Amino acid sequence: MSALPTEPGYYWAKLKAPSEGYLHGILDAPINVAAEQDWISGEWEIVEVHDNNGDPGSAEEFSVSVFGIPVTQWPLDFFWGPKVDARPPS
């Protein structure tokens, strides 16, 4: 397994410890969403890592989007594989 991502992009990963979060823009106030155990990855999947404008080297420097999970996840929540070189069509 690889180290934590050091730049935005697409990576192979397995979610091991889901984080709760908030849904914004749906109602007047953010909705707290509890972490679900069924979000844990059974297989390797491609996730998208975003620059979160956090302090370099901090736990929130990057955020992670996982298809089918409605809230942001964090790099420490995953087992990491290699970066995916191909980009989706724009």
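Within any chain, residue numbers begin from 1 and follow the written order of that chain's sequence. A pLDDT threshold of at least 70 governs which residues receive local features in this predicted model, and a stricter bar of 80 or more applies before side-chain atom pairs are shown or counted, although totals over entire chains, interfaces and linings include all residues. Side-chain figures throughout are based on the complete set of non-hydrogen atoms in the structure, without hydrogens or water.

## Re the pairing of strand S1 (residues 9-15)
At step 1: Note on exposure labels: buried denotes an accessible area under 20% of the residue type's maximum, exposed denotes more than 50%, and partly exposed covers the range between, all computed with a 1.4 Å probe on protein chains only. Helix and strand assignments follow DSSP, with helices taken as H or I runs no shorter than four residues and strands as E runs no shorter than two, numbered in order from the N terminus. The side-chain alternation of S1 yields one buried face, formed by Gly-9, Tyr-11, Ala-13 and Leu-15, and one unburied face, formed by Tyr-10, Trp-12 and Lys-14.
At step 2: Examined bridge by bridge, S1 and strand S4 (residues 45-51) share five bridges and lie antiparallel to one another. The partner of Trp-12 across the bridge, within S4, is Ile-46.
At step 3: Two strands form a pair only when DSSP identifies at least two bridges running between them. As paired elements, S1 and strand S6 (residues 78-84) share five bridges and run antiparallel to each other. Bridge pairing in S6 places Ala-13 opposite Trp-80.

## Brief notes about the side chain of Ser-41
At step 1: Summarising the element assignment, Ser-41 is placed in the loop between strand S3 (31-33) and S4.
At step 2: Counted as a polar contact is a pair of N or O atoms within 3.5 Å, where, for protein atoms, one must be capable of donating a hydrogen and the other of accepting one, and residues adjacent in sequence contribute only when both atoms are in side chains. A distance of 2.6 Å separates a polar atom in the side chain of Ser-41 from a polar atom in the side chain of Glu-45.
At step 3: By definition in these notes, contact holds between two residues if any of their heavy atoms fall within 4.5 Å. Beyond its immediate stretch of four places on either side in the chain, Ser-41 contacts Lys-14 and Leu-15.

## A look at the packing of aromatic side chains
At step 1: Only Phe, Tyr and Trp rings are paired, with Trp represented by its six-membered ring, and only when their centres lie within 6.5 Å; those with planes under 30 degrees apart are stacked, over 60 edge-to-face, the remainder tilted. Following the criterion strictly, the structure yields two aromatic pairs and no others.
At step 2: Arranged with centres 5.7 Å apart and planes meeting at 80°, the rings of Tyr-11 and Trp-80 form a pair that is edge-to-face. Note that Tyr-11 is positioned in strand S1 and Trp-80 in strand S6, a separation of 69 residues in sequence.
At step 3: Under the relative-accessibility criterion, Tyr-11 is labelled buried at 6%.
At step 4: Ring geometry for Phe-78 versus Trp-80: centroids 5.0 Å apart, planes at 40°, classification tilted.
At step 5: Any Lys NZ or Arg CZ that is within 6 Å of a ring centre and within 35 degrees of that ring's normal is treated as a charge sitting over the ring. Between Lys-16 and the ring centre of Phe-79, over which it is positioned, the NZ or CZ distance is 4.8 Å.

## A closer look at the sheet that holds S1
At step 1: One open sheet accounts for four strands, arranged S5-S4-S1-S6; its pairing is antiparallel. The open sheet has two free edges, formed respectively by strand S5 (62-65) and S6, since each of these has just one partner strand. Neighbour-to-neighbour, the strand axes of this sheet turn through a mean angle of 40°, independent of strand direction.
At step 2: Of the strand pairs in this sheet, S4 and S5 are connected by four bridges, and their pairing is antiparallel. Its bridge partner lying in S5, His-50 is registered against Ser-63. Interaxial angle, 0 to 180 degrees, is taken between N-to-C directions of lines fitted to C-alpha atoms, where a helix line uses only the stretch in contact.

## Quick look at the environment of Gln-73
At step 1: Following the sequence through the fold, Gln-73 ends up in the loop between S5 and S6.
At step 2: Here Gln-73 falls in the buried class, since its relative accessible area comes to 0%.
At step 3: When the C-alpha positions of Gln-73 and Glu-7 are compared, they lie 16 Å apart, and in sequence the two are 66 residues distant.
At step 4: Ignoring sequence-local partners within four residues, the contact set of Gln-73 consists of Leu-15, Ala-17, Pro-18, Ser-19, Trp-39, Ser-63, Val-64, Val-66 and Phe-78.
At step 5: Within the local environment of Gln-73, its side chain forms a polar contact with the backbone oxygen of Val-71, the two atoms lying 3.4 Å apart.

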